[in-house]
Amino acid sequence: VEIVQQGKLYINGRIDEANISLYVPQELESIEVSSDWEYIRDEFGNRLVLLKWKNPSGTIEYFVKTTVMNNAKKVIDKRVGDNKNYLKENYQIVFTPELMKMAYPYERSLEKAAELTKLVHNYVKYDLSLVGQLKDSEWVYKNRRGVCVEYANLLSSLLKISGIPNRYVVG
């Protein structure tokens, strides 16, 4: 799998240096980066790529392309668990008729989990203005935006509606 992260910096005025840090897969096969860079670690030990520019000006385009290899010998085709403790609603994970329609047809399989993950990824727009707000899954469904917490809340609701047990974990 190739993963490409890219963007532009628009420099107005004079600055001495600019930096951007981007998370990358922890077990990557190769990496291609468009600027000076180095690996750094976050507080949890996860690896990031730190892109660096000295005296940048104008528009700077950047990209990081990583390649991840799947070393699995075979894909296990099995049903997901049935722990009912991980199928319940809470204050962030709510079930509404709209969410039930979005999750339909209900199927407790790994394929359905992957399908819903892709659906949420394409449905929600990443919006940094929501950092720290912790919106529930109904709000995310209606507004189609959020950060990692909101993506997780919407996906968790859809999975639980489909009968796929899951829980939210931070870190």
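Starting afresh in each chain, residues are numbered from 1 along the sequence in its written order. Reporting of local features is limited, given that this is a predicted model, to residues whose pLDDT is at least 70; pairs of side-chain atoms are given and counted only at 80 or more, and all residues count toward the totals for whole chains, interfaces and linings. In computing side-chain values, all of the structure's heavy atoms are included and hydrogens and water are not.

A. Local environment of the sheet that holds strand 1 (residues 2-11). Here the rule is simple: two strands pair whenever DSSP picks up at least two bridges between them. Strands are runs of DSSP state E lasting at least 2 residues, helices are runs of H or I lasting at least 4, and numbering of each runs from the N terminus. Overall, antiparallel pairing links the three strands, which are arranged 1-6-3 in an open sheet. In this open sheet, the two edge strands, each paired with only one partner strand, are strand 1 and strand 3 (30-33). Ignoring which end each strand starts from, the neighbouring axes of this sheet average 10° apart. Sheet topology note: the strand 1/strand 6 (residues 58-67) ladder contains 10 bridges and is antiparallel. If you follow L9 over to strand 6, its bridge partner there is I60. Axis definition: a line fitted to C-alpha atoms, limited for helices to the stretch in contact. Angles are taken between N-to-C directions and run from 0 to 180 degrees.

B. Examining the pattern of salt bridges more closely. Salt bridges are defined by distance alone: a side-chain nitrogen of Lys or Arg within 4 Å of a carboxyl oxygen of Asp or Glu. Per the counting criterion, the structure on display carries seven salt bridges. A salt bridge links R145 to D127; the nearest nitrogen and oxygen atoms lie 2.5 Å apart. With R145 in strand 8 (residues 145-146) and D127 in the loop between strand 7 (125-126) and helix 3 (137-143), this residue pair connects regions lying 18 residues apart in the sequence. Exposure remark for R145: the relative accessible area of 29% places this residue in the partly exposed category. To sort residues, take the accessible area from a 1.4 Å probe on protein chains only and compare it with the maximum for the residue type: under 20% means buried, over 50% means exposed, and anything in between is partly exposed.

C. Summary view of unusual backbone geometry. In this structure, P105 follows Y104 across a cis peptide bond, with omega equal to 0°. Position of P105 relative to the elements: it lies in the loop between helix 1 (97-103) and helix 2 (110-123). Backbone geometry places N55, a non-glycine residue, at a positive phi of 50°.

D. Broad picture of a nonpolar patch on the surface. Side chains of M100, Y104 and Y106 sit close together on the surface and give an oily, nonpolar patch of about 340 Å² of accessible area. A relative accessible area of 57% places Y104 in the exposed class. Patch building starts from residues that exceed 30% relative accessible area and form no salt bridge, then joins like charges within 9 Å and nonpolar side chains (Val, Leu, Ile, Met, Phe, Trp, Tyr) within 5 Å. The Shrake-Rupley method, run with a 1.4 Å probe sphere, supplies the accessible areas, and residue values consider only the shown protein chains as cover.

E. Representation of the side chain of D42 within the structure. In this structure, D42 sits in the loop between strand 4 (36-41) and strand 5 (47-54). Positive charges come from Lys and Arg alone, negative charges from Asp and Glu alone, with His and the N- and C-terminal ends not counted. Of the side chains bearing the opposite charge, R41 lies closest to the buried D42, which forms no salt bridge; the N-O distance is 7.4 Å. Two N or O atoms form a polar contact when they lie within 3.5 Å of each other; inside protein one atom must be a possible hydrogen donor and the other a possible acceptor, and for residues adjacent in sequence the pair counts only when both atoms belong to side chains. Polar contacts involving the side chain of D42 include one to the side chain of Y23, which spans 2.8 Å. A polar contact of 3.0 Å, which involves the side chain of D42, links it to the backbone nitrogen of G45. What makes two residues a contact is simply this: any of their non-hydrogen atoms within 4.5 Å. Setting aside residues up to four positions removed in sequence, D42 forms contacts with Y23 and L48.

Worth remembering: the numbers are spatial, not functional.
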